[in-house]
Amino acid sequence: MERGLFITVEGTDGAGKSTQLAYISDYMKEKGESAIFTREPGGTPIGEKIRALILDRRNEEMSPLTEMMLYAASRSQHVAQMIGPAITRGRIVVCDRFIDSSLAYQGHARGLGDAVEVVNQYAVGEFMPDATFLLKLDPKIGLQRIKEGEKDRMERQDAAFYRAVYEGYLALEEAYPDRIIGIDASQPAAVVSEEIRRHLDRLLLARKVQW
Ligand code: TYD
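From a predicted model like this one, the values you see are computed outputs, not experimental measurements. (Residues numbered from 1 in each chain as written. Predicted model: local features only at pLDDT ≥ 70, side-chain atom pairs only at ≥ 80, totals over all residues. Heavy atoms only, no water.)

A. Here's a closer look at the environment of Tyr166. Relative to the assigned elements, Tyr166 resides in helix 7 (residues 159–175). Given a relative accessible area of 16%, Tyr166 falls into the buried group. In this structure, the C-alpha to C-alpha distance between Tyr166 and Ile92, residues 74 residues apart in sequence, is 28 Å. Discounting chain neighbours no more than four positions away, the residues touching Tyr166 are Thr12, Lys136, Leu137, Asp138 and Pro139. (Helix = DSSP H or I, 4+ residues; strand = E, 2+ residues; numbered from the N terminus. Buried < 20%, exposed > 50% of the residue type's maximum accessible area, 1.4 Å probe, protein only. Contact = heavy atoms within 4.5 Å.)

B. The arrangement of helix 4 (residues 99–109) in detail. Counted residue by residue, helix 4 has nine buried out of 11 residues, so it is predominantly covered. Every buried residue belonging to helix 4 is among Ile99, Asp100, Ser101, Ser102, Leu103, Ala104, Tyr105, Gln106 and Gly107, and all of these are buried. In this structure, the buried residues of helix 4 make contact with strand 1 (5–11), helix 3 (64–88), helix 5 (114–124), strand 4 (131–136), helix 7 and strand 5 (180–184).

C. Focus on the site of the ligand. If you check the shell around the ligand, you find 17 residues, and the closest are Lys17, Tyr71, Arg97, Ser102 and Gln106. Residue Ser102 places a side-chain N or O atom 2.6 Å away from an oxygen atom belonging to the ligand. Protein chains bury 88% of the 550 Å² of accessible surface belonging to the ligand in isolation. When atoms are counted within 2 Å of each cavity's grid points, the one that captures over half of the ligand is the largest pocket. Here the element with the most residues in the shell around the ligand is helix 4; it accounts for four residues. Looking at the shell around the ligand, its residues break down into six nonpolar, three polar and eight charged. (Near = heavy atom within 4 Å. Polar contact = N/O pair within 3.5 Å; in protein donor to acceptor, adjacent residues only side chain to side chain. Areas by Shrake-Rupley, 256 points an atom, 1.4 Å probe, with all protein chains shown as cover. 1 Å grid on protein atoms, 1.4 Å probe; cavity = no way out; pocket = protein on both sides within 12 Å on 5 of 7 lines; lining within 4 Å. Sits in = over half its atoms within 2 Å of the grid points. Nonpolar A, V, L, I, M, F, W, Y, C, P; charged D, E, K, R; others polar.)

Below, the structure written as structure tokens:
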């Protein structure tokens, strides 16, 4: 059995995560690797219900602490039911957002700091990502890509909030240089994909060699 590999993709809204996740999926298929693709909040039936609750535009009165705990609850279920068992069985798991989203959005932008780290340590346990692609794009540009009528509760936050999320991500990149791979997402999508591919090749190779 091969060693499990846990990859996450992060970035502010509109940075091009969906495009690059589709690329990663195609590339894994091309390499004959069967990877599990999942997302947060969500990824399990319970998590998807929590997702609907968090992103519902009508829930304007949700407190920052409630929001943080709901994201963590979704994550806890996701790790227990899906990510943990898959990695333990030696599978490759690619997750659209994970702990760094909580650290940047709730920890940094909402100002909940250490509480987010503590709660999420319980949610994640030993299943920290092996590698995290951080798509870096000025949030102003990213948000322009999303239509007003299609914005969920989070995407309706103001520019200062998104600036703080972005700064939170940059601080995480600096704090975890071995895990977080920052990529300039203002480049054409194909150039971003090419950078991701180089790292994927390295990660897939290391997985085979180390085992
Ligand atoms: P996402 O699924 O990326 O949104 P979309 O499908 O619309 O691109 O994420 C939903 C929103 O939740 C996004 O604004 C980021 C936010 N979020 C947090 O604030 N904290 C978290 O821990 C996670 C996972 C997401």
